[in-house]
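Analysis of the macromolecular model
So you can see what is in the structure, the chains are spelled out below.
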Amino acid sequence: MENLLENLNKEQLEAVKTTQGPLLILAGAGSGKTRVLTTRIAYMIKNGVKPWNILAVTFTNKAAREMKERIGKILGEDTVKYMWVGTFHGICGRILRENIDKYNTATGKNLDKNFTIYDDLDTNQIITRIIKKLNLDEKQYQTKLVKSIISNAKNKMQDAYAFATRARDFKSQKIAAIFEEYEKSLNNNNAIDFDDMLLLTVKLLEQNEEVRTKYYERFTHILVDEYQDTNIAQYQLVNMLYTGMKPDIPQERSLCVVGDVDQSIYSWRGADFKIIMNFQHDYKNVKLIKLEQNYRSTGNILNAANNVIENNNERVEKVLYSNKGEGEKLSYYIAADETDEANYIIRNIRQNAHGNYNNFAVLYRTNNQSRKIEEACMGAGIPYRIYGSTKFYDRAEVKNVLAYLKLINNTDDSQSLRRIINVPKRAIGETTVKHLSDFANEQDISLFEAIKICDEYSEFNAKTCAKLKDFASLIHKFQQAQNTCSLKDFMTLVIEKTGYLSELQEKAISDPEIEDDINNLQELVNVAQDFVPEEQDNQLSEFLQQVALVSDLDSMNEESNNVTLMTLHAAKGLEFPTVFIAGLDEGIFPSQRNINSMNPSELEEERRLMYVGITRAKEKLYLVSAKRRQMWGEYKYYNPSRFIEEIPSNLIESFESDNDYSTREESTFRSAVTRAKSNYSRSSISTDSDGYVRPSSGFGANFVAPSKRGLSTSTVKRTPPKSIIIKSAANKAKAQKPLSFDGYSAIERMKEERKLRLAQEQSEAQKREEALRGNAVITEVYDVGQRVFHSQMGLGHITDVMHLGESVMYTIDFGKLGKKAMDAAYAKLKKL
DNA sequence: AGAACTAAAGTTTTT
DNA sequence: CTTTAGTTCT
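Now for a look at the structure at hand. All values derive from a computational prediction rather than experimental measurement.

Focus: the pairing of strand 2 (residues 54-58)
Across the 5 residues of strand 2, 5 count as buried, placing the element largely inside the fold. Of the strand pairs in this sheet, strand 2 and strand 3 (residues 84-87) are connected by 4 bridges, and their pairing is parallel. In the strand pairing of strand 3, L55 is matched with W84.

See below:
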């Protein structure tokens, strides 16, 4: 026990020991709130609170997982497993799976426990279909817009009916009509959307006293992290569980919320930081504790953060302080363009990483900004991992298999049925589905039910009907097989017995890219194998739900040695020794949209995002902007972000690219003005006393990204789980020999091959690693003019040689394919 | 029914 | 510029 409370400061200790009543912890960035939360839970358990009485809500799955791990280390795994630790959505999903049959819907058609959770794509398709069906102008009623209106309404606990009663103008009324249809559609599919998870749980608890009491009595101690990012539905849920809708709250119950108004960055999805500001009014005798000591960042970084956030009006006064000393100054680099920006960042990482790439993060405002930085990483052979963007579960082949599972789990899920009824090809085309859909509408039943009685429909001939029924009986067979084997084996069965795998294998012979799809399916099977259910029954349903709620971010792994690339939003809650904030241009960050906005609070949210970004850095913060960027094929010119100006200039060292694009061709040209400004000459790059690389000449402009070919599939392959990246050469070799399809063996064989490939990749990665650490000696440095051969690019000649610290960069002219910059250590060049 | 082409939209941020 | 959805052609 003494151990447990060791090294806590006064405020932290008080927070840990306050285990009754409502507690509000205002925790600044890096003030050790996660530690407080986990210690507080452990403290309560050691003082007699039962683990099943604890409910801890986090913002991301990753945070939940980490919290479980940390508590597990203190109290042991078997204690943690009785606690409910998860995201709002995860917890609501669990409550709904247990009780959704007791919820009375507006349509009177109740949902059952095998309900499907529709993702973004599903809801988009449904809404688009409805807009068409209602003959509305698709320009005025854009799917995206309608969806966000519906989502916002749900976040405010308004259902279709509540929305309709509020709709005054014509357009709102039309949207209300879409909303109503949409709800009907979800209902008919026995499906719910993301927002419904919260909305329905609150309504269920409201409606049903028995269910409400069950959870009220169970969860006597509730903790909520990132409370500044809760929306009204989430607020009501917490309130309902804490008070049980009773007028008086027994003192031995506790509700502990932790948050930081300055880090509220999700208002666009309904979050409202006024909720945290009202906490003291919501409950009697609220204890308030402020954590202002920062244990993460140096003085200069905190100082910058404090100065930026001070420009906001809507906040609770709070000043972070640190005892880490001033530390290094911030660096600010004005790049010539986005390529220069990326190269500046990568050059710095290369110089300072010494092999430890996980010390670095590059943060940006929008996902698309990752592209140039990714290209630069590839070109320099720096290992990186992009979070966000394309997700594993968004891939068509993965979605197809999941659609089968969803349909097996819930045959009313017509959305999934539509997706896979002709995958693999079963000669069931558009027309047939259209007829089936009309028939289902007519009868007010799901597509699957319609198949069962399709011979009653005049549009169908016997042949079509037979094909449909074959499909239905396949699904039935799967349903019977479902509980006879493990989830992993069941998924394998589905992939194979549907004929999907053999179809892909067939295609892979002529198109090696398809091999990736097969590997992704293998990876999906692996996910199923690793799945640990919370409850014993209804595993398929639970698995599907878990899959619906995971994000790319959750797969983050601190141990892997790569540079982290992510949006500022995704970085919340994380920390890195060195952080780069890229794209600090007026119009990029803050985004143009929020500069133009009528509502000044939207600009304040951008500023909070900047605050979040700055406070991610522990030791060194780099800020980067660019004078011009390519947008939709055209160059746009930008001014530095206002947030730069909000940082006192004495905290920053500034550098500017001397690359002015009127002189793009002569990259060695340096203007006298810039030279005077930066005070660093080209030769000083590797000799800086403090060890940091200084931007110098127009290296950036001359640094051409890897060939299109190298990146051509980048959007598809950008962020596959690391285990499924495969070399195209291996693909081709595999595609040559036809794969037989006999039971499980095909997939087992795939597994073997995958293992081999993995081992190969690992050894390659190791080699690169060693090379980067300087173990590999570059034996010979070629001269300008040397003719060389590159395995991918072919013949070329060296036009420029640059020495950057320990490494050597060549600029190589490959003729038609253009000039490329390559690192001597990785390019594997052959001298001719 | 499926491939191949064409037009239009897109860049906030995500559970 | 890139990606996607939709359309036309075979």
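Quick word on the packing of helix 8 (residues 143-155) against helix 11 (residues 194-207)
Across the interface, helix 8 lies against helix 11 with an axial gap of 9 Å and an inter-helix angle of 25°. By the angle between their directions, the pair helix 8 and helix 11 is classed as roughly parallel. Between helix 8 and helix 11 lies a crossing of left-handed hand. Taking contact as the criterion, the partners of S151, K154 and N155 in helix 8 are, on helix 11, D195, D196 and L199. Along the lines of polarity and charge, the residues of the contact of helix 8 with helix 11 split into 1 nonpolar, 2 polar and 3 charged.

Overview of a nonpolar patch on the surface
On the surface, F789, L795 and L832 cluster together into a nonpolar patch covering about 280 Å² of accessible area. Here F789 lies in strand 19 (residues 787-790).

Notes on the protein's contact with DNA strand B
Near DNA strand B you find 24 residues, and of these H89, R365, N367, K425 and R593 are the closest. Among all atoms of DNA strand B positioned within 4 Å of the protein, those belonging to sugar or phosphate total 46%. Between DNA strand B and the protein, one listed contact pairs a phosphate oxygen with a side-chain N or O atom of K139 at 3.5 Å. Within the contact set of DNA strand B, a base nitrogen lies 3.2 Å away from a side-chain nitrogen or oxygen of N368. Class assignment of the residues belonging to the surface near DNA strand B gives a composition of 6 nonpolar, 12 polar and 6 charged.

Here's the deal with the sheet that holds strand 8 (residues 287-291)
Strand order across the open sheet formed by 6 strands is 3-2-6-7-1-8, with parallel pairing between neighbours. Because the sheet does not close on itself, it has two edges, and the strands there are strand 3 and strand 8. Taken over all neighbouring pairs, the strand axes of this sheet differ in orientation by 15° on average, direction set aside. Where helix 6 (residues 88-99) meets the sheet, its contacts fall on strand 2, strand 3 and strand 6 (221-224), and the angle it forms with strand 3 comes to roughly 115°.

A short note on helix 21 (residues 430-443)
With 14 residues, helix 21 ought to run about 20 Å at 1.5 Å a step, and its terminal C-alpha atoms sit 20 Å apart, in line with that. Of all the positions in helix 21, only T432, V433, L436, S437, F439 and A440 are classed as buried. With its buried residues spanning 165° around the axis, helix 21 presents them on a single face. Along helix 21, exposed side chains directed more than 90 degrees from the buried face belong to E430, T431, N441 and E442. On the buried face of helix 21, the contacting elements are helix 20 (414-420), helix 22 (447-452) and helix 23 (462-481).

Side note on helix 11
With 14 residues, helix 11 ought to run about 20 Å at 1.5 Å a step, and its terminal C-alpha atoms sit 20 Å apart, in line with that. With respect to burial, helix 11 is a largely interior element, 11 of its 14 residues being buried. The backbone nitrogen of D195 has a side-chain oxygen 3.1 Å away, supplied by the residue at the start of helix 11, namely D193.

Things to note about the pairing of strand 17 (residues 634-637)
Where strand 16 (residues 617-631) meets strand 17, 4 bridges bridge the pair, whose relative direction is antiparallel. Its bridge partner lying in strand 17, Q630 is registered against Y635. The hairpin formed by strand 16 and strand 17 contains 2 residues between the paired strands, and W632 there has a positive phi angle of roughly 50°.

What about unusual backbone geometry?
With an omega of -5°, the peptide bond between V423 and P424 qualifies as cis. Following F589, the chain continues into P590 via a peptide bond in cis, with omega recorded as 5°. Mapped onto the secondary structure, P590 falls in the loop between strand 15 (576-581) and helix 28 (592-596). In this model, M157 sits at a positive phi of 65°, which is unusual for a non-glycine residue. Along the chain, the position of M157 falls in the loop between helix 8 and helix 9 (160-166).

Some words on the nonpolar core
L402, L405, F471, F490, M491 and F543 are the most contacted members of the largest nonpolar core, which has 55 residues in total. Setting aside residues no more than four positions away along its own chain, F490 makes contact with L405, I408, F478, A481, Q482, C485 and L540. The next biggest cluster of nonpolar side chains, apart from the first, holds 46 residues, and it includes I192, Y215, A233 and Y283.

What about the packing of aromatic side chains?
Per the stated rule, a full pass over the model turns up 19 aromatic pairs. Here F589 and F643 contribute two aromatic rings whose centre-to-centre distance is 5.3 Å and whose plane-to-plane angle is 70°, an arrangement assigned as edge-to-face. Separated by 54 residues along the polypeptide, F589 in the loop between strand 15 and helix 28 and F643 in helix 30 (residues 642-645) bring together distant segments of the chain. With respect to burial, F589 and F643 carry one shared label: buried.

As for the state of the cysteines
Structurally, a disulfide amounts to a covalent bond that connects the sulfur atoms of two cysteines. Scanning the model with the defined rule gives 1 disulfide in all. Each disulfide pairs two cysteine sulfurs, and for C454 the partner residue is C465, the sulfurs being separated by 2.3 Å. The chirality of the disulfide connecting C454 with C465 is right-handed, given an S-S dihedral of about 135°. Placement of C454 in the loop between helix 22 and helix 23 and of C465 in helix 23 is noted, with a sequence separation of 11 residues between them. As far as the burial class goes, C454 and C465 line up, both buried. Between C92, a free cysteine, and C256, which holds the nearest cysteine sulfur, the sulfur-to-sulfur gap is 19 Å.

A closer look at the side chain of T411
Mapped onto the fold, T411 is located in the loop between helix 19 (396-409) and helix 20. Setting aside anything within four residues of it in sequence, one finds T411 in contact with S446, F448, I475 and Q479.

Thresholds applied
Residues numbered from 1 in each chain as written. Chains lettered and ligands numbered in written order. Predicted model: local features only at pLDDT ≥ 70, side-chain atom pairs only at ≥ 80, totals over all residues. Heavy atoms only, no water. Buried < 20%, exposed > 50% of the residue type's maximum accessible area, 1.4 Å probe, protein only. Helix = DSSP H or I, 4+ residues; strand = E, 2+ residues; numbered from the N terminus. Pairing = 2+ DSSP bridges. Axes fitted to C-alpha atoms, helices over the stretch in contact; angles between N-to-C directions. Parallel < 35°, antiparallel > 145°, perpendicular 65-115°, else oblique. Left-handed = near helix turned anticlockwise from the far one by under 90°. Contact = heavy atoms within 4.5 Å. Nonpolar A, V, L, I, M, F, W, Y, C, P; charged D, E, K, R; others polar. Patch = residues over 30% accessible without salt bridge, like charges linked within 9 Å, V, L, I, M, F, W, Y side chains within 5 Å. Areas by Shrake-Rupley, 256 points an atom, 1.4 Å probe, with all protein chains shown as cover. Salt bridge = Lys/Arg side-chain N within 4 Å of Asp/Glu carboxyl O. Near = heavy atom within 4 Å. Polar contact = N/O pair within 3.5 Å; in protein donor to acceptor, adjacent residues only side chain to side chain. Expected span 1.5 Å × (residues − 1). Arc of directions from axis to C-beta. Core = buried A, V, L, I, M, F, W, Y, C linked by side-chain atoms within 4.5 Å. Phe/Tyr/Trp six-rings, centres within 6.5 Å; stacked < 30°, edge-to-face > 60°. Disulfide = S-S within 2.5 Å.

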